[in-house]
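Close look at the chain arrangement
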Amino acid sequence: MTAQELKAAIRDVPDFPKPGILFKDITPILGDPVLFRAAVGLFEARCRLREAQKIAVIDARGFLFGAAVADRLGLGLAPVRKKGKLPYKTFEASYDLEYGSATLTVHQDAFKPGERVILVDDLLATGGTAAASAALIERAGGKVVEIAFLVELTFLNGREKLKGYDVFAPIVF
Ligand code: AMP
């Protein structure tokens, strides 16, 4: 299974969730057991390479891949969630999206000091979500050893916002 085969399964949905946005729909990958396992395998390899000790997952599609990887490797998960969803004490960060703005939060005790954390999400667009998430992980004491995505939209220059971090994204549009 190559990244190219995974890429072929991604569906373009025009004008979702707003006019002018070409949404990259990864649900065909989720729905196919061979593709899903291959996608999880890509993240698993990154976690092994980086000797990650915890996987931070971004609300909501990052949860799908990160949880599967965490189970494979016997690692813990730390959810980065939209404001109002996490029940305990949180740190929060606001940022701009490709389509709108949002506030993300993480539990203050989600990481041990210096813990090696891989941040996982499905797609890198403008990079605002991942940059805010990485800042939250660091604020909570974790060390971001890599930010791993399945897909990168290179024309949005998301890596600019993630300077100083190692970024992995096997599928590029
Ligand atoms: P950004 O902060 O702009 O990098 O946005 C990243 C988040 O928004 C990711 O969690 C993606 O799932 C989602 N996202 C943004 N733009 C798109 C797009 N064109 N297609 C699919 N998902 C997107």
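**Comments concerning helix α5 (residues 128-139)**
Relative to the 16 Å expected for twelve residues at 1.5 Å per residue, α5 spans 16 Å between its end C-alpha atoms, a close match to the ideal helical length. In terms of burial, α5 is a largely internal element, nine of the twelve residues being buried. Of the residues making up α5, those classed as buried are G128, T129, A130, A131, A132, S133, A134, L136 and I137. G141, located one to two residues past α5, shows a positive phi value of around 100°.

**Some thoughts on the environment of L77**
Inspection of the secondary structure assignment puts L77 in strand β4 (residues 76-82). Sequence spacing of L77 and I147 is 70 residues, and the spatial spacing of their C-alpha atoms is 14 Å.

**Focus: the packing of helix α3 (residues 33-50) against helix α4 (residues 61-73)**
One way to put it is that α3 packs onto α4 with a least axis distance of 9 Å and a crossing angle of 65°. Here the hand of the crossing between α3 and α4 comes out right-handed. Contact residues: F36, R37, A39, V40, G41, F43, E44, C47 and R48 in α3; L64, F65, A68, V69, R72 and L73 in α4. Class assignment of the residues belonging to the contact of α3 with α4 gives a composition of ten nonpolar, one polar and four charged.

Cut-offs and rules
Residues numbered from 1 in each chain as written. Predicted model: local features only at pLDDT ≥ 70, side-chain atom pairs only at ≥ 80, totals over all residues. Heavy atoms only, no water. Helix = DSSP H or I, 4+ residues; strand = E, 2+ residues; numbered from the N terminus. Expected span 1.5 Å × (residues − 1). Buried < 20%, exposed > 50% of the residue type's maximum accessible area, 1.4 Å probe, protein only. Axes fitted to C-alpha atoms, helices over the stretch in contact; angles between N-to-C directions. Left-handed = near helix turned anticlockwise from the far one by under 90°. Contact = heavy atoms within 4.5 Å. Nonpolar A, V, L, I, M, F, W, Y, C, P; charged D, E, K, R; others polar.

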